[in-house]
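The lines below spell out each chain.
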Amino acid sequence: MLVLCAVGALEEAPISPPVPVEVAAPVTPGDAPVLEDTATVVVRLTIDEVGAVSRVEVRESAGAVFDRAAMGAAVRWKFEPARRSGVPLEVQVDVPVHFAPMRAREAVAETPHGATGTTPAPPVMTELAVDDSSSLSGASSEEAKAASRSSSPGFSTTVRGVAEAPPPVAVGDFHIEVGQLADVPRNSASDLMLLAPGVMLANHGGEGHAETVFIRGFDAGEGKDVEMRLNGVPLNEVSHAHGHGYADTYFIIPELVDSLRVTEGPYDASQGDFGVAGTVEYQLGLARRGLTASASYGSFASRRLALVWGPPESSEATFVGLLLRQGEGFGPNRSFANATAMAQVELRLGDDTRLRLLGASYGARFASAGVVRETDVVDARLPCAADADSQFFCFYDENQGGASQRHLVSAELQSRLKRGGRLVQQGYVVLRQTRIRDNFTGFIQDTPPGEDAQRGDGTEGYYRGSTLGLRGRYTPGLTLLGQSRPLELGYVARYDDVRTRSRRLRDSGGAPYSTLFDNQVRTTNLGGYASLRVQPLDWLALRVGVRLDTFLFGVEDLNRPAVDRDGPRIPEESLDAYGFFASPRASAEVKLSPRLTWLTSAGLGARSSDAAALSDAELAPYARVASGETGLGCRLEGASRPYSLEARGAVFATRVSQDFVFDERLGRNQPIGASQRLGAFATGRLQWEDWLDTQASVAWARATLPTPGASAWKLWDGAVMPYIPALLGRVDASVRGHVTVAGERLGWNVALGHSAVGPRPLPLNRYSDPVFLFDVGTRARWDWMELGVSVENVLDARWRETELNYVSNFRGPDAPASLLATRHFSAGAPRTFRGTFTLYLDFEEDAP
């Protein structure tokens, strides 16, 4: 029997039921017990006004393993929405899902379309009463009530958001489910960004230092040009001593990352500060219930212990995770140790309201080898053994490294309103502290008093701050031109109180001898946005939006001179500044066929000012970015296909009013004026049932500094910007299967990751060597135990993770400094092995 329930107050006009569009059958889980008879799960689906499954509940359970498989398939189903008098309605449908005994791998779902091959009986049409009891009423109310009383769900969940990702705002707007690609060897959650096209990561600071992100032809530094979020909580740190917008994602536990949304370009009205090249948001979730414990040991004494737990009979949004990492590093002065704890709970406050509480705590310490001069490596001048490998992985200054602490709490309230609207409210608090020490030039920056020798160019950046914030969005339950919920309104309110300081350090002992800057910064960001999406024609959808942001800066400069030309003074000074910018965005989506879409997007974005560079009563300047993109997207999937295939490709152009490039003298990015980019990308992902998942991408971008006086339309003219690779490629693939050995069923997995980086331009018309890296991993599982082995950089390439070109002197404080710029680099990791032992413990799961 099929039970259909419309949510909300309804008239007596007849309801046309939802019609299945794509209803792929679930697959028997690999860890499912052997069945002797058919296992049936009855799921209740809430199908919203756009035909997406927004909520799934298990009404009749067949055991947690089968329940999760049924729900996992159901959230991906698509329908034509139910309607009354042509108006889309939100309804509920009860669907039995059958799992056949051994040999029949695929489950069969009795959908309203009759996927079992038989013609189902007409659905029983009922309506959900609007009173607080939520009882069923209507023509068949007694039967529906009886069914409700007889079904006692053993496991239920509420799907986060809608089952399908909302329509993309651009071809480069990716909702990436990690899924099976989690099998590919990765060192941290930061590496998951490589699943988006045109992304490269580099790290000169050690294991625990934030990654330098190259995306869409931008050297986004450690976050200056890419907005980072975790479940809606912003991660970019204002006026950071190491660079404005510094964003460290190393504290995120990879096992708890369910998906990422990577929006390349400023095309979504919700994108805010730092979203110049785009926005990356990590979305947490743990699909597997029970306890998973894994311990790893690998090359260079690296150790890793991860514990993640999903309480049974709770949604994937409820979990606890602990991660400990420690190692000596792949060369001298590269040791690291860190620990992370993350926990989240989702509470259901009635049928239509959920409260999600998230907490995270992290501490890390790491040493860094920094950069070395290419000529010193070739001539074996470094303080290590004289062989080529020892010199390649050597270092100059043992004072380099850092430490970091971060604590985060967030509360998010999600409500479904009676007339089909949505309301989300979130508050968060973030506390963090970082200390980073590096030396890029050796002995040329100091101006010692008298005839004293150079004391060294070591730099210490210190940052301590707290952030309080609110954010929310409201989607009214409207219907406009056939589009349900076309309007979204949102706001942000963020307050930062930070201490940011940079000092020079002595080469001997690392004691500070001078202060470069020392500021107490207080920043308030208030913003709001509106986005409207309408579909005036069946084949055309239009989206327009605008975002307004205001910034108020208060700065206490604690490093003013004690004496000026007018005499003694207090060595402190206060200043205030204000900034405002508006960012319109728009897109047009043309459906060329049921599977092929042409999408064109344009938008303005902005980056706020670093408060340390402002003057009193200044109208704070900001960097403005204008970007446009056009391309095609295609998706093939459905119940008749055992696979799904998605492919996208686009060309884009971007112009920035104020860009930054790395300045070795300060060890941070400094402004250089306007820049422009012209680029293209293509990406595709193929998933075949539950055994194959592969994704490949290639991206090209040309970043230049425009010729003064040249037309703004000549995006290919001008000097090439240094350090940004023109060509990037990436492949991720995972294959899973089962074999029977001595009558026992064993699961296996093989995964591959490959990165290709084209030559990177360096100053003085030089280019780096291309980089080709291969990582492989394999696992075997028997019952609740699993063994895995991974090898990163399989070919043991000697590659340079960061390459720079400038003047330096590392030969000593008394050595004459050369004025000839030369190549510097930080070494990438050699071939590394890691073995992992994992236990899957389901203490509280019931057998079917």
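Bear in mind that the values here come from a model prediction, so they are computed numbers and not experimental data.

Let us look at the overall build of the protein chain. For the protein chain, the count of helices and strands is four helices and 53 strands. Among the 848 residues that make up the protein chain, the fraction classed as buried is 54%. Across the protein chain, every contact between residues at least 6 apart in sequence was considered, and the portion connecting residues at least 24 apart equals 67%. Approximately 35,200 Å² of the protein chain is accessible, and the part contributed by carbon and sulfur atoms is 58%.

Turning next to the sheet that holds strand β16 (residues 218-219). Here three strands make up an open sheet; going across it, the order is β14-β15-β16 and the pairing antiparallel. Single-partner strands in this sheet number two, and they are β14 (199-202) and β16. Two strands pair when backbone bridges link them, and β14 and strand β15 (residues 212-215) are joined in this way by four bridges, in the antiparallel orientation. By the bridge assignment for β15, M200 is matched with F214.

On average, the protein chain scores 84 in pLDDT, and the residues at 70 or more come to 87%. When the criterion is pLDDT under 50, residues 103-164 qualifies, and its contacts beyond four places in sequence or with other chains add up to 138 contacts.

Right, let's talk about the state of the cysteines for a bit. If you walk through the whole model with that rule in mind, you get one disulfide. A disulfide bridge connects C384 with C394, and the sulfur atoms are separated by 1.9 Å. Judged by the sign of its S-S torsion, about 80 degrees, the cystine formed by C384 and C394 is right-handed. Of this pair, C384 sits in the loop between α3 (374-378) and α4 (388-392) while C394 sits in the loop between α4 and β27 (401-416), and the two are 10 residues apart along the sequence.

Spatially, the five strands line up as an open sheet ordered β13-β19-β20-β17-β18, and their pairing is mixed. With partners counted over all chains shown, the strands left at the sheet margins are β13 (173-177) and β18 (233-234), one partner each. Here strand β17 (residues 226-230) runs beside strand β20 (residues 278-284); their pairing, made up of five bridges, is parallel. Following the sheet pairing, E227 is matched in β20 by T279.

The next thing to look at is the side chain of S410. Tracing the chain through its elements places S410 in strand β27. For S410, a relative accessible area of 8% translates into the label buried. A polar atom in the side chain of S410 sits 2.8 Å from the side chain of Q426. When sequence neighbours within four positions are dropped, the list of residues in contact with S410 reads V233, R356, L357, L358, Q426, G427 and Y428.

On the surface, a nonpolar cluster with roughly 560 Å² of combined accessible area is contributed by V546, L548, L552, Y578, F580 and L619. Mapped by element, the contributors of at least two residues to the nonpolar patch are β34 (540-557) and β37 (573-591). Locating V546 in the fold gives a position in strand β34. With a relative accessible area of 34%, V546 lands in the partly exposed category.

Parameters at a glance
Residues numbered from 1 in each chain as written. Predicted model: local features only at pLDDT ≥ 70, side-chain atom pairs only at ≥ 80, totals over all residues. Heavy atoms only, no water. Helix = DSSP H or I, 4+ residues; strand = E, 2+ residues; numbered from the N terminus. Buried < 20%, exposed > 50% of the residue type's maximum accessible area, 1.4 Å probe, protein only. Contact = heavy atoms within 4.5 Å. Areas by Shrake-Rupley, 256 points an atom, 1.4 Å probe, with all protein chains shown as cover. Pairing = 2+ DSSP bridges. pLDDT = per-residue confidence, 0-100. Disulfide = S-S within 2.5 Å. Polar contact = N/O pair within 3.5 Å; in protein donor to acceptor, adjacent residues only side chain to side chain. Patch = residues over 30% accessible without salt bridge, like charges linked within 9 Å, V, L, I, M, F, W, Y side chains within 5 Å. Salt bridge = Lys/Arg side-chain N within 4 Å of Asp/Glu carboxyl O.

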